Amino acid sequence: MCTVCGCGDHDTPAGHPHDHDHDHPHGHDHDHDHPHDHDHGHDHDHGPWAGGDHDRAHDQTPALGAAHAPGVAPDRIVRIERDILARNNAHAAANRARLAEAGLFSLNLMSSPGAGKTTLLVRLIAELAGQPPVVVIEGDQQTANDAERIRATGVPAVQINTGKGCHLDAHAVGHALDELPLAVGGLLVIENVGNLVCPAGFDLGETRRVVLLSVTEGEDKPLKYPDIFAFADLMLLTKSDLLPHLDFDVAACLANARRVNPRLRVMEVSARTGEGLGPLVEWVRGEAGLAAATARAFAAR
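The structure reproduced in this document is the subject of the present report. (Residues numbered from 1 in each chain as written. Predicted model: local features only at pLDDT ≥ 70, side-chain atom pairs only at ≥ 80, totals over all residues. Heavy atoms only, no water.)

1. Remarks on helix α2 (residues 117-128)
- Counted at 1.5 Å a residue, the expected span for α2 with its 12 residues is 16 Å, and the 16 Å between its end C-alpha atoms agrees.
- Within the sequence span of α2, burial applies to Lys117, Thr118, Leu120, Leu121, Leu124, Ile125 and Leu128. End-on view of α2: buried residues confined to an arc of 155 degrees, all on one side of the axis. (Helix = DSSP H or I, 4+ residues; strand = E, 2+ residues; numbered from the N terminus. Expected span 1.5 Å × (residues − 1). Buried < 20%, exposed > 50% of the residue type's maximum accessible area, 1.4 Å probe, protein only. Arc of directions from axis to C-beta.)

What follows is the structure, encoded as structure tokens:
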């Protein structure tokens, strides 16, 4: 049992091998045995995210020791959590450097299950029409269903199955990158496991974080799950075409989100009708162009 979030992903606090099931775009599923240092800690109150490359200041210290494990002293829990986060952040830094050198813009797409991540991504891929080229990492506890949906669009995708794990980690993402073509000026989308808690504390090396909130979930979600909204760059209010049929207060939802994160950018979108996708496509293309230009400038030095 993981001492950080209790998800059952880990039987011991650190240093044991386990498998990541990667369903690869070349058509075969197999396990990669990665005997790593237990990068999969899970976070409850670790609001401050250790990622770089953002406008926000990251001078806060995560609130460690919030988890409880029977028979484990609180000070040991704190040490375990610090070790887990430090190891994850080291892998995230390596991923970030690799993606920056390759000139890729990358998104960590997060939401609760059923908010519409994969459906929106399929629609976004169609709207982008290869400009920029897209590659995808899919995270789920089981099945390769989402990766298969992405591949049906013609886009390369790697499936990571986390088993009992409730989020992706930077080490697994780093291995998945080995399976993808990384084109300068391209877009990498990492679709995280559906969960509004655990993914919030784990930097994957992405450029930007995007959290989806569907209009079927309730206006209070940013207050109930603040960490994932507090350090997102963009919130997509999805399934906006359903608003006429729901008793959902958009203004209250946005006020709650900006109470948690005053700098949060928000877009209302519908994957079914295409509503609001224009600004999202423009934002993605602009960020991808910036990543490519920065990589070329460094390469020319």
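From this point on, the discussion continues.
2. Focus on the side chain of lysine 117
- Inspection of the secondary structure assignment puts lysine 117 in helix α2.
- In this view, lysine 117 contacts Leu109, Met110, Ser111, Ser112, Glu191, Asn192, Gly194 and Leu212; residues no more than four positions away in its chain are not counted. (Contact = heavy atoms within 4.5 Å.)

3. Structural notes on the pairing of strand β9 (residues 265-268)
- Strand direction decides the pairing type here: strand β8 (residues 234-238) and β9, joined by four bridges, are parallel. Following the sheet pairing, leucine 236 is matched in β9 by methionine 267.
- For the crossover that starts at β8, traverses helix α7 (residues 250-260) and ends in the parallel β9, the hand is right-handed. (Pairing = 2+ DSSP bridges. Right-handed = clockwise from strand over helix to strand, strands pointing away.)

4. Looking at the nonpolar core
- Of all hydrophobic cores here, the largest spans 30 residues; its most connected members are Val134, Val136, Leu187, Val210, Leu236, Leu280 and Trp283.
- For this core, the element with the most residues is helix α8 (residues 277-299), which contributes seven residues.
- When residues no more than four places from it in sequence are discounted, the contact partners of valine 136 are Leu121, Ile150, Val155, Pro156, Ala157, Val158, Leu180 and Val189.
- Core analysis: the next-biggest nonpolar cluster, separate from the first, contains 18 residues, Leu213, Ala232, Met235 and Leu254 among them. (Core = buried A, V, L, I, M, F, W, Y, C linked by side-chain atoms within 4.5 Å.)

5. Considerations on α8
- With 23 residues, α8 extends 33 Å from end C-alpha to end C-alpha; this agrees with the ideal 33 Å at 1.5 Å per step.
- Taken as a whole, α8 has its buried residues at Leu277, Leu280, Val281, Trp283, Val284, Glu287, Ala288, Ala291, Ala292 and Ala295.

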